[in-house]
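Survey of secondary and tertiary structure
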Amino acid sequence: MKNNIVKGIIGNGLAQITLKVIRVLEQLLLIPFFLSAWGAAYYGEWITLSIIPTVLAFSNFGFGSAVSNSFVLAYTGGDKQKAADINKNGILVVGGSIVIGGIITAVILLGGRSFHVFENSLIPIHEAILAIALLMTGRLISFYHLLIEGYYRGARKAVLSGFLYAGCSAINLIVGFCVLYWEGGIVEYTFSHFFVTVAFTIVYFVIGRRLVNLKGYQGRYKLSNIKQITSKGMGYMMDPVWQCIYFQGTTFVVRLTLGPEAVAAFNTIRTACRSVSQIFSMINGSIFPELQYEYGQGNMKTVHRLFRMSVLSSLLVGIVGTIFLSIFGLEIYNWWTQSQLSVTTEVWNTFVVSILFNAVWWTAMVAYPVTNKPYHFAIASTITASLSVILSYVLSMYLGLL
């Protein structure tokens, strides 16, 4: 049992690192290709157009997480009939959220055309609309990914899921390079991503569905399951809500009270400090599948031990990160920003100390999806994010950026 847990954690960690590396490479390597193939102005228009699909993917309506976590707990707990019911009703609910997303997409596109939103763009209207439609359809299809991920976690094959995701990202990166190399425009680029998303979803589903054994258990449509999934889905949907309030709200407050230069300093310092938080995310991704599997099995001693191990690991990373950034961070930051932003030692250290607090809650919050009880964290995080924005507004007028 211990060997399975250790192998799972190490495998999940490697998958998380691989995915992070590919996504960093995507950000670093594709931008020069975009600028070379499209030019700065055309690329800027593309970034603006892609905001709406990105926000749509970010929200994901929360239903995929609700279905996935409910399925894993039922399946690993041995209640295969309940797992089959949740799977069938979950596919229906997520499909409904996709239909709603499709309607929203149509309204946005028709509204944008009616109000001549696309007419001032360097990109021709028909190309802009087609590109957004392809992007948003691809994002909507990916709503099923979280549901399908539950198959892998339930079968204790989360490592395979992670590497499949990494493979999809790598293929998208390669396809993107090819399209830009052959001087394709936004329609060709978005279509290539759309095609990869559809193909990946089919392969991901087929492999995942074969991993779980539900032979002899026919899923039934049950109103109680649909209500439960919808209710928990709304709780999971609060996650992007509080993040939007916190990150966008505090940025807006700083701009309102202190001006654009302070916004640049505020966000660049936060980005530098959040580099340590990326390690917390990898710890979460490594421990979460094993933690949920053991919880579903009812092995509470193992659950408590894994939870302690993950929190202590984050604390250790947080302490090391805090010490390193407090000693060397400001010099690295000044080099990174070419000393164009004025940041005092007091402001810098205030941001750095927050890493220690993040080390506790960032990993501890994994308990809520593991137990499929999203509302505790959703309520607490939304309240504290709102209070943070209010306090930022009041204190910034008296203490400035500090």
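What you see is a predicted model, and the numbers here were worked out from it, not measured in a lab. (Residues numbered from 1 in each chain as written. Predicted model: local features only at pLDDT ≥ 70, side-chain atom pairs only at ≥ 80, totals over all residues. Heavy atoms only, no water.)

**Details of the overall build of the protein chain**
Along the backbone of the protein chain there are 15 helices and zero strands. A globule of 402 residues ought to have a C-alpha radius of gyration of about 21 Å, and the protein chain, at 23 Å, matches this closely. Projected onto the principal axes, the alpha-carbon positions of the protein chain cover approximately 65 × 50 × 35 Å. Counting across all 402 residues of the protein chain, residues that qualify as buried make up 44%. Across the protein chain, contacts joining residues at least 24 apart in sequence account for 84% of those joining residues at least 6 apart. When the accessible area of the protein chain is evaluated, it comes to approximately 20500 Å², of which 69% is carbon and sulfur surface. The distance from the centre of the 26 positive side-chain charges to the centre of the 15 negative ones in the protein chain is 19 Å. (Helix = DSSP H or I, 4+ residues; strand = E, 2+ residues; numbered from the N terminus. Rg over C-alpha atoms; globule rule 2.2 N^0.38 Å. Buried < 20%, exposed > 50% of the residue type's maximum accessible area, 1.4 Å probe, protein only. Contact = heavy atoms within 4.5 Å. Areas by Shrake-Rupley, 256 points an atom, 1.4 Å probe, with all protein chains shown as cover. Lys, Arg positive; Asp, Glu negative; His and termini not counted. Charge placed at Lys NZ, Arg CZ, Asp CG, Glu CD.)

**Digging into the packing of helix α7 (residues 144–154) against helix α8 (residues 158–181)**
Axis separation between α7 and α8 bottoms out at 7 Å; the angle between their running directions is 140 degrees. By the angle class used here, α7 and α8 are oblique. In this structure, α7 contributes H145, E149, Y152 and R153 to the contact, and α8 contributes A158, L160, S161, L164 and Y165. Looking at the contact of α7 with α8 residue by residue, the classes come out as five nonpolar, two polar and two charged. (Axes fitted to C-alpha atoms, helices over the stretch in contact; angles between N-to-C directions. Parallel < 35°, antiparallel > 145°, perpendicular 65-115°, else oblique. Nonpolar A, V, L, I, M, F, W, Y, C, P; charged D, E, K, R; others polar.)

**With respect to helix α15 (residues 375–399)**
In a regular helix each residue adds 1.5 Å, so 25 residues correspond to 36 Å; α15 covers 34 Å between its end C-alpha atoms and thus fits that length. For α15, the complete set of buried residues consists of F377, A378, S381, T382, A385, V389 and S396. Summarising the contacts, the buried residues of α15 are in contact with α10 (223–258), α13 (345–364) and α14 (367–370). At the C-terminal side of α15, G400 shows a positive phi close to 70 degrees. (Expected span 1.5 Å × (residues − 1).)

**Here we look at helix α11 (residues 260–297)**
In a regular helix each residue adds 1.5 Å, so 38 residues correspond to 56 Å; α11 covers 52 Å between its end C-alpha atoms and thus fits that length. At S275, α11 shows its strongest bend, of approximately 35 degrees. At the C-terminal side of α11, G298 shows a positive phi close to 85 degrees. (Bend = angle between axes of the 7 residues up to and from the residue.)

**Observations concerning the confidence of the model for the protein chain**
On average, residues of the protein chain carry a pLDDT of 86, and 94% of them reach 70 or more. Within the protein chain, the element-level pLDDT minimum falls on helix α3 (residues 51–59), averaging 60, and the maximum on helix α9 (residues 186–211), averaging 94. (pLDDT = per-residue confidence, 0-100.)

**Considerations on the nonpolar core**
If you look at the biggest cluster of nonpolar residues, it comprises 26 residues, and the most contacted ones within it are F71, V94 and Y151. Elements with a minimum of two residues in this core: α4 (63–76), α5 (80–114), α7, α9 and α10. Not counting chain neighbours up to four residues away, the residues in contact with V94 comprise F63, G64, V67, F143, Y144 and L147. Listed in part, the 22 residues of the second largest apolar core include I269, L330, Y333 and F351. (Core = buried A, V, L, I, M, F, W, Y, C linked by side-chain atoms within 4.5 Å.)

**A short note on the packing of α4 against α10**
Packing of α4 against α10 brings their axes to within 7 Å, and their N-to-C directions diverge by 120 degrees. Looking at the two axes, α4 sits oblique to α10. Considering only the axes of α4 and α10, their crossing is right-handed. The residues of α10 that touch α4, namely those facing F63, S65, A66, V67, N69 and S70, are I229, T230, K232, G233, M234 and Y236. Each residue belonging to the contact of α4 with α10 can be placed in one class, and the counts come to six nonpolar, five polar and one charged. (Left-handed = near helix turned anticlockwise from the far one by under 90°.)

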